[in-house]
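An overview of the molecular structure
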Amino acid sequence: MYSIDYQEALSHLEKTFTEEISIDGPTNLFCLKDSDDYIESDVKVMIFGQETNDWECEFPHPGGVPHLLNVYDDFFNQGRCFSYSGQFWNGFSKIQDRIRREFSAESKSVGFIWNNLIKIGRSGKVGAPSEAVLEWQKTTRDLTRKELKHYQPDIVIFLSGPFYDKHISSIFDDAIFSSAGERPQRQLAKVSSSQLPTKTLRTYHPSYLWRSGFYPYLDDIVEFIKT
């Protein structure tokens, strides 16, 4: 299985960290760790958000990669994320439950892994980081490509919205967006790339989905996955 060297990426980020970047208050590197459920599942699903609003306060965390892997494991794999009342995790859990139900009818288990398009967000603040921080962390795009090779998901769902399509394209340079089903491409898009599975979809962030009618969108997501 393809390896991911988070330590090499983090060392590069630490070496190139400047006072200008520190003023923008970047948070810490988002490192993934798979669970036994994911490893052993029949169907593997990777769900992308946009970026973390905070990930162990400001960069750099003294615990390094081992600490960041443990944080991910505790927060996502152990389910602590679902104790939050935020719209993202509420939507994520509904999508997760529905996909599991759909595949249980075929006696197939489903494993999930959470990712983010932007690996380093803003410490304690919402939204994408500054251009300076995005430029500083652009080498992390290669990490995301390696994560796809390593974890080999059967299905990828970007809960990022159309304004983040540029970030998808910056990672997967051959990405093509096309309409999925009857909805406009802006609302629901099939994402085609040699580096992504055939079943790859982009729709809105759950905060928007809840305002726009979450469950019809969920029906369309499932229809795309199952066809």
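These notes cover the structure that comes with them.

Parameters at a glance
- Residues numbered from 1 in each chain as written.
- Predicted model: local features only at pLDDT ≥ 70, side-chain atom pairs only at ≥ 80, totals over all residues.
- Heavy atoms only, no water.
- Buried < 20%, exposed > 50% of the residue type's maximum accessible area, 1.4 Å probe, protein only.
- Helix = DSSP H or I, 4+ residues; strand = E, 2+ residues; numbered from the N terminus.
- Pairing = 2+ DSSP bridges.
- Axes fitted to C-alpha atoms, helices over the stretch in contact; angles between N-to-C directions.
- Left-handed = near helix turned anticlockwise from the far one by under 90°.
- Contact = heavy atoms within 4.5 Å.
- Nonpolar A, V, L, I, M, F, W, Y, C, P; charged D, E, K, R; others polar.
- Phe/Tyr/Trp six-rings, centres within 6.5 Å; stacked < 30°, edge-to-face > 60°.
- Lys NZ or Arg CZ within 6 Å of the ring centre and 35° of its normal.

1. Quick notes on the pairing of strand β6 (residues 199-203)
- Within β6, four of the five residues are buried, leaving the element largely enclosed by the surrounding structure.
- Summarising the sheet, strand β3 (residues 155-159) and β6 pair through five bridges and their orientation is parallel. Across the sheet, residue Ile157 finds its bridge partner in β6, namely Leu201.
- Sheet topology note: the strand β5 (residues 188-192)/β6 ladder contains three bridges and is antiparallel. Following the sheet pairing, Ala189 is matched in β6 by Arg202.

2. A word on unusual backbone geometry
- Following Phe59, the chain continues to Pro60 via a peptide bond in cis, the omega torsion being -5°.
- For Pro60, the position within the fold is in the loop between β1 (43-49) and α4 (64-77).
- In this model, Glu56 sits at a positive phi of 60°, which is unusual for a non-glycine residue.
- Relative to the elements of secondary structure, Glu56 occurs in the loop between β1 and α4.
- Note on Glu56: relative accessible area 29%, which makes it partly exposed.
- The backbone of Gln152 shows a phi angle near 45°, a positive value even though the residue is not glycine.
- With respect to the element layout, Gln152 can be found in the loop between α7 (140-151) and β3.

3. Focus on the packing of helix α1 (residues 6-15) against α4
- As a packed pair, α1 and α4 sit with axes 9 Å apart at the nearest point and diverge in direction by 115°. Classified by chirality, the crossing of α4 by α1 is right-handed. Of α4, the residues touching α1 (which contributes Tyr6, Gln7 and Leu10) are Gly64, Val65 and Leu69.
- Residues belonging to the contact of α1 with α4 are distributed by class as follows: four nonpolar, two polar and no charged.

4. Section: the packing of aromatic side chains
- Scanning the model with the defined rule gives 31 aromatic pairs in all.
- Relative to Phe75, the ring of Trp55 has its centre 5.8 Å away and its plane inclined at 85°; by these criteria the two rings are edge-to-face. Of this pair, Trp55 sits in the loop between β1 and α4 while Phe75 sits in helix α4, and the two are 20 residues apart along the sequence.
- Of the residues examined, Trp55 reaches a relative accessible area of 5% and is grouped as buried.
- Take Phe75: its relative accessible area is 9%, and that puts it in the buried class.
- For the pair Trp210 and Tyr215, a centre-to-centre distance of 5.9 Å together with 80° between the ring planes defines the contact as edge-to-face.
- By relative accessible area, Tyr215 is classed as partly exposed at 45%.
- Between Arg186 and the ring centre of Phe163, over which it is positioned, the NZ or CZ distance is 4.9 Å.
- Sitting over the ring of Phe224, Lys199 keeps its end group 5.6 Å from the ring centre.

5. Concerning the sheet that holds β3
- Reading across the sheet, the six strands line up as β2-β1-β3-β6-β5-β4 and stay open at both edges, with mixed pairing between neighbours. The open sheet is flanked by β2 (110-116) and β4 (176-179), the only strands paired with a single partner. Strand-to-strand twist in this sheet, taken as the mean axis angle between neighbours without regard to direction, amounts to 25°.
- One ladder, built from four bridges, connects β4 with β5; its direction is antiparallel. Looking at β5, one finds that Phe177 is bridged to Val191.
- Across the sheet, α7 lies against β1, β2 and β3, angled at about 165° from β1, the strand it touches most.
- Contacting β3, β5 and β6, helix α10 (residues 214-226) crosses the sheet at an angle of about 160° to β6.

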